[in-house]
Amino acid sequence: MRHKVAGSNFNRTANQRKALLRGLVSSLFEHQRIETTLAKAKAIKGIAEKLVTFGKRGDLHSKRMVMSYIPNRTVVAKLFSDIAPRFADRNGGYLRIVQTRQRVNDRAPMAIIEFIDYQDIKEKGQGKGQEKEGKKE
């Protein structure tokens, strides 16, 4: 019986599972959007949103709490300088999960997890790229 058993262990030991989730969250903050299995996306959504909330607070204690989970200083700096200020007026719900396909190898359901304003950021980035191309000509 599975009474009061929450979460998935992904058939990994606790250390492997912790490393997997840390790596996924770090990649999410670095690239703003990643594709992974649906179960892993659901597992990292709560963790990532909690870390974004720490980023919104912005004090030293919050930085230390985030650094204890993500040891990559450049990713943490990006979280506090770029990602968290975008959600200053929002009270949660920073991420969305979109189911995409089933993986060819094992038919696992795949999903894209991204920040809710990813399309806006992407369009702004393309606009900057077009301006640079115009200057070159």
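This section reports on the structure supplied with the text. Source: prediction; values computed, not measured.

## Quick notes on the overall build of the protein chain
Looking only at helices and strands, one finds five helices and three strands in the protein chain. What you see in the protein chain, going N to C, is helices and strands ordered as α-β-α-α-α-β-β-α. For the protein chain, the proportion of its 137 residues judged to be buried stands at 32%. Across the protein chain, the fraction of contacts at a sequence separation of at least 24, relative to all contacts at a separation of at least 6, is 57%. As displayed, the protein chain has an accessible area near 9300 Å², and 49% of this comes from carbon and sulfur atoms. The positive charge centre, built from 29 side chains, and the negative charge centre, built from 14, are 10 Å apart in the protein chain.

## Quick notes on the packing of helix α1 (residues 14-31) against helix α4 (residues 73-86)
Running from N to C, α1 and α4 cross one another at 45 degrees; their axes reach a closest spacing of 9 Å. Judged on the interaxial angle alone, α4 and α1 are oblique. In terms of crossing hand, the pair formed by α1 and α4 is left-handed. Contacts between α1 and α4 involve Ser26, Phe29 and Glu30 from the former and Val75, Lys78, Leu79 and Ile83 from the latter. Considered class by class, the residues forming the contact of α1 with α4 number four nonpolar, one polar and two charged.

## Some words on the nonpolar core
Counting residues in hydrophobic clusters, the biggest one holds 29 residues, and the most contacted among them are Phe29, Leu51 and Phe115. When residues of this core are assigned to their parent elements, the largest contribution, seven residues, is made by helix α2 (residues 38-57). In this structure phenylalanine 115 touches Leu28, Phe29, Gln32, Val52, Ile83, Arg86, Phe87, Tyr94, Leu95 and Arg96, once residues within four positions along its chain are discounted.

## Things to note about the pattern of salt bridges
Counted under the stated rule, the structure contains six salt bridges. Note that arginine 101 is salt-bridged to glutamate 35, the shortest N-O span being 3.1 Å. Of this pair, arginine 101 sits in strand β2 (residues 95-102) while glutamate 35 sits in strand β1 (residues 33-37), and the two are 66 residues apart along the sequence. A cluster of three or more residues bridged by salt bridges with shared partners is formed by Arg33, Arg96 and Glu114.

The rules we used
In every chain, residue numbers begin from 1 and rise along the written sequence. Only residues with pLDDT of 70 or above have their local features reported here, since the model is predicted, and side-chain atom pairs are shown and tallied only from 80 upward, although totals for entire chains, interfaces and linings are computed over all residues. Processing note: side-chain calculations cover all non-hydrogen atoms of the structure and skip hydrogens and water entirely. A helix here means a DSSP run of H or I that spans at least four residues, while a strand means a run of E at least two residues long, and both kinds are numbered starting from the N terminus. Summary of the burial criterion: residues with accessible area below 20% of their type's maximum are buried, those above 50% are exposed, and those between are partly exposed, where the area comes from a 1.4 Å probe applied to protein chains only. Contact criterion: two residues are considered in contact whenever any of their non-hydrogen atoms come within 4.5 Å of each other. Residue burial considers only the protein chains on display, and all accessible areas are found by Shrake-Rupley using a 1.4 Å probe. Working convention for charge: Lys and Arg count positive, Asp and Glu count negative, and His plus the chain ends are omitted. In this description, the location of a charge corresponds to atom NZ of lysine, CZ of arginine, CG of aspartate or CD of glutamate. What counts as an axis is a line fitted to C-alpha atoms, over the stretch in contact for a helix, and the angles between N-to-C directions run from 0 to 180 degrees. When describing relative orientation, an angle under 35 degrees is termed roughly parallel and one over 145 degrees roughly antiparallel, while 65 to 115 degrees is termed roughly perpendicular and anything else oblique. Less than a right angle of anticlockwise turn of the near helix away from the far helix marks a crossing as left-handed, whereas a clockwise turn marks it as right-handed. Throughout this entry, Asp, Glu, Lys and Arg are counted as charged residues, while Ala, Val, Leu, Ile, Met, Phe, Trp, Tyr, Cys and Pro are counted as nonpolar. The remaining residues, Gly among them, count as polar. Residue types Ala, Val, Leu, Ile, Met, Phe, Trp, Tyr and Cys, when buried and joined through side-chain atoms within 4.5 Å, form a set referred to as a nonpolar core. Salt bridge, as used here: a side-chain nitrogen of Lys or Arg that lies within 4 Å of a carboxyl oxygen of Asp or Glu.

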